[in-house]
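Structural description and commentary
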Amino acid sequence: MIIKFTKNVKESQIKHIENILKNQNFTTSYIHGDIYKLLIVIGDTSQLETKRLNVYDFVEDVINIQKPYKESSVKDRKKVKVGKVTFNDNNIVLIAGPCSIEDEESMDLLVPKLKEHNTSIIRGGAFKPRTSPYSFQGIGKVGLDILYQISHKYKIPVVSEITDVRDIDLFVKNVDIIQVGARNMQNYVLLEELGKTNKPILLKRGFVNTIEELLLSAEYILANGNQNVILCERGIRTFENQTRSTLDISAIPVLKKLTNLPVIVDPSHAAGHWEYVESLSLAAIAAGADGLMIEVHENPEFALSDGQQSLKPDKYFALVDKIKLVAQAINKKL
Ligand code: PEP
Ligand code: MN
């Protein structure tokens, strides 16, 4: 951290700041330049309320060098393993399935086909956080039971969204990845508790959250001991209303630069319409995403949630073929 003082700062005022910091075990180094007087502060400043130094009228600026998300800014790429699937391994991981689990029969019909077409993880919501309390809320625990059965029957990992901290044990028993949805990205109690498990966590970006806020949310999980975090860009709210959200393609290279965590993209919730899912998927892979999570439904017209943005299987399979080509072009395995 660097503290920049105003031109008329007194030596005694600088000493005062130095003493405060030394008492907190920081090392300081004073630079009296021709134009600026600076204090370099050495030590882990992540716990320091650096903004508080701005209360002094002789402090002009406080420049943080250390990133506030220290766990995920470590250089080594974090590979997250889910059964035989590895994220962040110079590969593309495809997650697909319905928005909501509806019944076992429809999963029996869909899952084997998805698995045959390069899909390595199955998604399905059981507890659905819907914007309206009158919309379908998911089939709850029964849905998780179905996912568990499907996962064992077809030997494929499954992911589902948690909405309540009291359900953690239930999720740990039934799914291979626990999803934290956009609406719960800042549910810090939930994040802390998930940090105490060792289940891989798929953390989605909130639709009104910055990249830094997403990383700080990931930090809650990492700092509590769980190193298996996968980030997911799923579109943010902008003034544009032709799509449900605006997919922030830039978030992919930015997250790849700022963090060592795997980054995947959900084009379905970003687009809000099946017709745009293909373009967003290909763009995301080209931009460096480690995977995609796509909503697929046999009969989207009868889906209990998000049918409008779900791909029919044949459209998804055609997309997978195109994803293979993009992956090849950028030297990634699918
Ligand atoms: C979902 O993936 O089922 C979902 C609800 O997405 P989001 O949290 O991104 O809205
Ligand atoms: Mn959905």
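Coordinates for the structure precede this section.
What this report covers is the structure whose coordinates are included nearby. No experiment lies behind these values; they were computed from the predicted model shown. Residue indices begin from 1 for each chain and proceed along its sequence in written order. To read the labels, note that chains go from A and ligands from 1, taken in the order they are written. Whole-chain, interface and lining totals are the exception, using all residues; otherwise, since this is a predicted model, local features are given only for residues with pLDDT of at least 70 and side-chain atom pairs are given and counted only at 80 or more. Calculated side-chain values reflect all of the structure's heavy atoms, with hydrogen atoms and water omitted.

Let's talk about the overall build of the protein chain
Note the threshold: Secondary structure elements are taken from DSSP: a helix is a run of H or I of four residues or more, a strand is a run of E of two residues or more, and numbering for both begins at the N terminus. The Shrake-Rupley method, run with a 1.4 Å probe sphere, supplies the accessible areas, and residue values consider only the shown protein chains as cover. For the purpose of counting charges, residues Lys and Arg are taken to be positive, whereas Asp and Glu are taken to be negative. His and the chain ends are not included. Every charge is mapped to an atom, namely NZ of Lys, CZ of Arg, CG of Asp or CD of Glu.
Counting its secondary structure elements, the protein chain contains 10 helices and 14 strands. Along the three orthogonal principal directions, the C-alpha set of the protein chain runs to about 75 × 45 × 40 Å. As displayed, the protein chain has an accessible area near 15900 Å², and 51% of this comes from carbon and sulfur atoms. Mean positive and mean negative side-chain charge positions of the protein chain (42 and 41 charges, respectively) differ by 4 Å.

What about the site of ligand 1?
How we decide: When at least one non-hydrogen atom of a residue lies within 4 Å of a molecule or strand, that residue is treated as near it. By the criterion applied in these results, polar contacts are pairs of N or O atoms within 3.5 Å in which, for protein atoms, one can donate a hydrogen and the other can accept it, and in which residues neighboring in sequence qualify only through two side-chain atoms. Just so you know the grouping, Ala, Val, Leu, Ile, Met, Phe, Trp, Tyr, Cys and Pro go in nonpolar, Asp, Glu, Lys and Arg go in charged, and all remaining residues, Gly too, go in polar.
Contacts to ligand 1 come from R123, K128, E161, Q179, G181, A182, R183, K204, R234, H269 and M293. The side chain of K204 places a nitrogen or oxygen atom 2.8 Å from an oxygen atom of ligand 1. Against a free-state accessible area of 300 Å², the protein chains account for coverage of 97% of ligand 1. Taken together, the residues that form the shell around ligand 1 break down as two nonpolar, three polar and six charged.

Observations concerning the pattern of salt bridges
Note the cut-off: Here a salt bridge means any side-chain nitrogen of Lys or Arg lying within 4 Å of a carboxyl oxygen belonging to Asp or Glu. Exposure is judged per residue with a 1.4 Å probe applied to protein chains only, and the accessible area is read against the type maximum: over 50% gives exposed, under 20% gives buried, and values in between give partly exposed.
Inspection of the entire model under this criterion finds 16 salt bridges. D248 serves as the salt-bridge partner of R205, at 2.9 Å between the closest nitrogen and oxygen. Of this pair, R205 sits in the loop between β11 (201-204) and α6 (211-223) while D248 sits in the loop between β12 (229-233) and α7 (251-258), placing them 43 residues apart in sequence. An identical accessibility class is assigned to R205 and D248; each is buried. Connected through shared salt-bridge partners, R205, E233 and D248 make up one network.

Observations concerning the coordination of the manganese ion (ligand 2)
The cut-off we apply is this: Because no water is among the atoms considered, metal sites can look incomplete, with donors defined as N, O and S atoms within 2.8 Å of the metal, or 3.2 Å for Na, K and Ca.
For the manganese ion (ligand 2), the full set of protein donor atoms is C99 (SG), H269 (NE2), E295 (OE) and D306 (OD), and the range of their distances to it is 2.0 to 2.4 Å. Binding-site remark: the manganese ion (ligand 2) is held by donors from one chain whose sequence spacing is C-x169-H-x25-E-x10-D. Residue H269 is located in helix α8 (residues 267-271), and its partner D306 is located in the loop between β14 (291-295) and α10 (313-329); the two are separated by 37 residues in the primary sequence. Both residues of the pair, H269 and D306, belong to the buried class.

A few points about the packing of aromatic side chains
So the rule is basically this: The rule is short: rings of Phe, Tyr and Trp, with Trp giving its six-membered ring, pair when the centres are within 6.5 Å, and they are stacked under 30 degrees, edge-to-face over 60, tilted in between. Ring-over charges, as used throughout, are those where CZ of Arg or NZ of Lys falls within 6 Å of the ring centre and within 35 degrees of the ring normal.
For the coordinates displayed, the defined rule picks out five aromatic pairs. Each ring, one from F5 and one from F58, has its centre 6.4 Å from the other, and the planes form 20°; the classification is stacked. Here the residue F5 occupies a position in strand β1 (residues 2-5), and F58 occupies one in the loop between β3 (37-42) and β4 (59-63), the gap between them amounting to 53 residues. Comparing F5 with F58 shows no difference in burial state: the two are buried. Pairwise contacts between aromatic rings join F5, Y56 and F58 into one cluster. Here the basic side chain of K4 rests over the ring of Y36, its NZ or CZ set 4.5 Å away from the ring centre.

What to know about the environment of F171
Just so we agree on the cut-off: Contacts are assigned to residue pairs that have any heavy atoms within 4.5 Å of one another.
The residue F171 is located in helix α4 (residues 168-174) in this model. The exposure class of F171 is buried, given its relative accessible area of 0%. Ignoring anything within four residues of it in the chain, the contact list for F171 reads F127, L144, S160, E161, I162 and I178.

Quick word on the sheet that holds β12
Put simply, the rule is: Any two strands are treated as partners once DSSP identifies two or more bridges connecting them. Axis geometry follows a simple rule: fit a line to the C-alpha atoms, using only the stretch in contact for helices, then measure angles between N-to-C directions, giving values from 0 to 180 degrees.
The parallel closed barrel is built from eight strands, whose spatial order is β7-β8-β9-β10-β11-β12-β13-β14. On average, each strand axis in the sheet is inclined to that of its neighbour by 30°, with strand direction left out of account. With five bridges joining them, strand β7 (residues 93-97) and β14 adopt parallel strand pairing. For L94, the partnering residue across the bridge sits in β14 and is L292. Of the strands in this sheet, β13 (263-265) and β14 touch helix α9 (residues 274-286), which is tilted by about 170° from β14.

Things to note about the nonpolar core
As a reminder of what qualifies: To form a nonpolar core, buried Ala, Val, Leu, Ile, Met, Phe, Trp, Tyr and Cys residues must be joined to one another through side-chain atoms within 4.5 Å.
Counting 64 residues, the largest nonpolar core has L203, L231 and Y316 as the members making the most contacts within it. If one sorts the elements of this core by residue count, α10 sits on top with seven residues.

Remarks on the sheet that holds β1
Within a sheet, each strand pairs with its neighbour through backbone hydrogen bonds, oriented either parallel or antiparallel. The strand order across the open sheet formed by four strands is β2-β3-β1-β4, and the pairing between neighbours is antiparallel. Either end of the sheet is taken by a strand with one partner, and the two such strands are β2 (27-32) and β4. Neighbour-to-neighbour, the strand axes of this sheet turn through a mean angle of 20°, independent of strand direction. Together, β1, β2 and β3 form the strand contacts of helix α1 (residues 11-23), whose direction differs from that of β2 by roughly 160°.

These results come straight from atomic positions and should not be treated as a statement about function.
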